[in-house]
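Summary of the model geometry
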Amino acid sequence: MHNAGHMVLGAAEAFTTDQLADLYDVNVLGTQRVNRAALPTLREQGSGLLVWIGSSSTRGGCPPFLAPYFAAKAAMDALAVSYAAEVLPFGIDTAIVVPGVFTTGTNHFAHAGAPADRDRAEAYDQRHRPVMDDLGKRLAALIPPDADVTEVAEAVVRLVAMAHGTRPLRTHVDPSRDGSEVVSAVADRVRADFFRRIGLDSLLTAGSSL
């Protein structure tokens, strides 16, 4: 299960390229390291499941000041989709769990990284500081009071218990309803239809467009 992730908060320009590289190392390259370690065994045994903890930010509302995190999550999602087709003939399923914003029960915002280029950050702070300071509150206002981040873990448990080939490609757990589920439904259906048009039906499962 790919669950490692780190968030950053600030103006995109003010993050150095090294900072983006570090974030991609955790949020994207880390998944590749795990896959390369685990997949030889899974392929040999002819069964397995890759669970990717994604983010609704890859296709949802995408508020500003979280760009490096969103970009890394989008890259991870693209990697997961390609893996889904490539590992299926080995009996290995793919499940992408897509959480929305949870501002309680996690330390995402509390432990978020900040831009290293303070001069550029200050230029944006002069225009946007109130918005950046209130971003967590603005997002929290969209979330029902009974939203519980453990719903994400429960979704993983349900997916693990399902039979091979029946799992949906994506499972959304998004109390804020930022629109990601709607966009993903279209994108995954288009992908499945395109696979059929080019004769790659064998690389689709019943849940490939769900």
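Residues numbered from 1 in each chain as written. Predicted model: local features only at pLDDT ≥ 70, side-chain atom pairs only at ≥ 80, totals over all residues. Heavy atoms only, no water.

**Concerning the packing of aromatic side chains**
Inspection of the entire model under this criterion finds two aromatic pairs. Ring geometry for Tyr69 and Phe70: centres 6.1 Å apart, planes at 55 degrees, overall tilted. Take Tyr69: its relative accessible area is 6%, and that puts it in the buried class. With a relative accessible area of 12%, Phe70 lands in the buried category. A cation over an aromatic ring shows up here: Arg191 above the ring of Phe195, its NZ or CZ 4.7 Å from the ring centre. (Phe/Tyr/Trp six-rings, centres within 6.5 Å; stacked < 30°, edge-to-face > 60°. Buried < 20%, exposed > 50% of the residue type's maximum accessible area, 1.4 Å probe, protein only. Lys NZ or Arg CZ within 6 Å of the ring centre and 35° of its normal.)

**A word on the pattern of salt bridges**
Applying the stated criterion across every chain yields a total of nine salt bridges. A salt bridge links Asp25 to Arg33; its shortest N-O distance comes to 2.5 Å. Taken together, the shared-partner salt bridges connect Arg59, Asp77, Arg170 and Asp188 into one network. (Salt bridge = Lys/Arg side-chain N within 4 Å of Asp/Glu carboxyl O.)

**Notes on the confidence of the model for the protein chain**
Per-residue pLDDT for the protein chain has a mean of 90; in total, 96% of the residues score no lower than 70. When mean pLDDT is taken per element in the protein chain, strand 1 (residues 48-53) scores highest with 98 and helix 3 (residues 118-140) scores lowest with 83. (pLDDT = per-residue confidence, 0-100. Helix = DSSP H or I, 4+ residues; strand = E, 2+ residues; numbered from the N terminus.)

**Focus: the side chain of Asp93**
With respect to the element layout, Asp93 can be found in strand 2 (residues 92-99). Exposure remark for Asp93: the relative accessible area of 3% places this residue in the buried category.

**Description of unusual backbone geometry**
Not every positive phi belongs to a glycine, and Cys62 is a case in point at roughly 50 degrees. With respect to the secondary-structure elements, Cys62 resides in the loop between strand 1 and helix 2 (67-87). Judged by relative accessible area, which is 35%, Cys62 ranks as partly exposed. If you check the backbone angles, Phe65 has positive phi at about 75 degrees while not being a glycine. Inspection of the secondary structure assignment puts Phe65 in the loop between strand 1 and helix 2.

**What to know about helix 3**
For helix 3, spanning 23 residues, the distance from its first C-alpha to its last is only 27 Å, which falls clearly below the expected 33 Å at 1.5 Å a residue. Along its length, helix 3 shows its largest kink, about 85 degrees, at His128, and proline Pro130 lies within four residues downstream of that point. Buried within helix 3 are the following residues: Ala121, Asp125, Met132, Leu135 and Leu139. Here helix 3 starts with a cap whose side-chain oxygen sits 3.3 Å from the backbone nitrogen of Asp119, and that cap is Asp117. (Expected span 1.5 Å × (residues − 1). Bend = angle between axes of the 7 residues up to and from the residue. Polar contact = N/O pair within 3.5 Å; in protein donor to acceptor, adjacent residues only side chain to side chain.)

**Brief notes about the nonpolar core**
Residues Val97 and Val173 are the most contacted members of the largest nonpolar core, which totals 24 residues. Of all the elements in the fold, those that place two or more residues in this core are helix 1 (17-45), strand 1, helix 2, strand 2, helix 3 and helix 4 (150-161). When residues no more than four places from it in sequence are discounted, the contact partners of Val97 are Val51, Trp52, Ile53, Gly54, Val152, Val156, Leu159, Thr171 and Val173. Among the nonpolar cores identified, the runner-up in size contains 14 residues, and Tyr83, Ala84, Ile92 and Val98 belong to it. (Core = buried A, V, L, I, M, F, W, Y, C linked by side-chain atoms within 4.5 Å. Contact = heavy atoms within 4.5 Å.)

**Looking at the environment of Ala95**
Here Ala95 lies in strand 2. Separated by 62 residues in sequence, Ala95 and Val157 have C-alpha atoms that sit 11 Å apart.

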